[in-house]
Amino acid sequence: MQDERTVFFTTGQFAKLCRTTKETLFHYDSLGLLKPARLGENGYRYYAASQFFDFDLIAALREAGCSLKEIRSYMAHREPRAFSRLLRENERKLLQERQKLERMRRILQNGVESTEEALQGTPGVPWLEEQPEGWYIATPATGQVGAVKDLIRNLQDHLAYCDSTGLGEELAVGSIVTRESLLRGDFRESYYSSKLSHPASSPRLYKKPAGLYACILHQGPYERLTETYPIVLRFIQSQGCRIAGDSFETDLISYLGTEQEEDFILKLEIQVEHG
């Protein structure tokens, strides 16, 4: 009886056996990852039956997220400890990728919710609302607030920090105006911010206290916020309330959703307390 280990297959036959393509086998050959067992005088490649298990190992490691470079290195020094290290490293990479995808899912979800809130709301009409505790990544606004050059530099700093840490879950960057600035009648941003779904270990973590907030939707260019702030401040006074904390500005519809500045919608939320 013929020893099955001496059975050879052409490239096409072996590709069919492994449920792959000849092109994949050619590629693996060129990388030195899975070379044919022998070459015929006619130049044809022939694979041994036992090489099915080598191909199966490559396929399994590819399914586990390993790169072809990692697989080739492992197959050159195949032993249990190296196998464990390889799988652990790719498990770590997959967990990082899952976290990245989950963050992107929350960013998209927040984008949908913000847009729908803007479309359903009535700009210019303030209201009071109890809100839960929240958290932000906040980058101080430095330089000349309002100057385009400094604005871009601050936004670049903020976005680079969020990208490098994987923090921040909004498509658009928001702003925070501190209570001290509000009381001075200064409505320029004190921080640039991005919401978080939960607190994180970061020197830029900024807490939004739970409590009562006076809210209003601002429609139009950002420059006209100086017209909207007095409206909500008069409303706060008319409700027998006073400013108790910061103002949190969230873009609901920005340049990401429309090219018309008149269609921009931003939500202001100012922490207040009665009497």
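Thresholds applied
Residues numbered from 1 in each chain as written. Predicted model: local features only at pLDDT ≥ 70, side-chain atom pairs only at ≥ 80, totals over all residues. Heavy atoms only, no water. Core = buried A, V, L, I, M, F, W, Y, C linked by side-chain atoms within 4.5 Å. Buried < 20%, exposed > 50% of the residue type's maximum accessible area, 1.4 Å probe, protein only. Helix = DSSP H or I, 4+ residues; strand = E, 2+ residues; numbered from the N terminus. Contact = heavy atoms within 4.5 Å. Phe/Tyr/Trp six-rings, centres within 6.5 Å; stacked < 30°, edge-to-face > 60°.

- Under an unreviewed UniProt entry, the name given to the protein chain is MerR family transcriptional regulator, and the organism recorded is Candidatus Acutalibacter pullicola.

## Regarding the nonpolar core
Alright, step 1. Residues L34 and I71 are the most contacted members of the largest nonpolar core, which totals 19 residues.
Alright, step 2. Where this core is concerned, the elements lending two or more residues are α1 (11–18), α2 (22–30), α3 (51–63), α4 (68–76) and α5 (80–120).
Alright, step 3. L34 has contacts with F14, L25, Y28, D29, Y47, Q51, D54, F55 and I58, leaving out every residue within four places of it along the chain.
Alright, step 4. Among the nonpolar cores identified, the runner-up in size contains 17 residues, and L182, Y229, V232 and F235 belong to it.

## With respect to the packing of aromatic side chains
Alright, step 1. Tallied over the full model, the rule gives ten aromatic pairs.
Alright, step 2. Measuring from centroid to centroid gives 6.4 Å for Y206 and F248, while their planes differ by 70 degrees, and the two rings are edge-to-face. Taken as a pair, Y206 in strand β8 (residues 205–208) and F248 in strand β10 (residues 241–253) lie far apart in primary sequence, 42 residues in all. Here Y206 matches F248 in class, with each residue buried.
Alright, step 3. Measuring from centroid to centroid gives 5.5 Å for Y222 and F264, while their planes differ by 45 degrees, and the two rings are tilted. Linking Y222 in the loop between β9 (211–219) and α8 (225–238) with F264 in the loop between β10 and β11 (265–274), this pair joins segments that are 42 residues apart in sequence.
Alright, step 4. For Y222, a relative accessible area of 33% gives the class partly exposed.
Alright, step 5. Under the relative-accessibility criterion, F264 is labelled buried at 6%.

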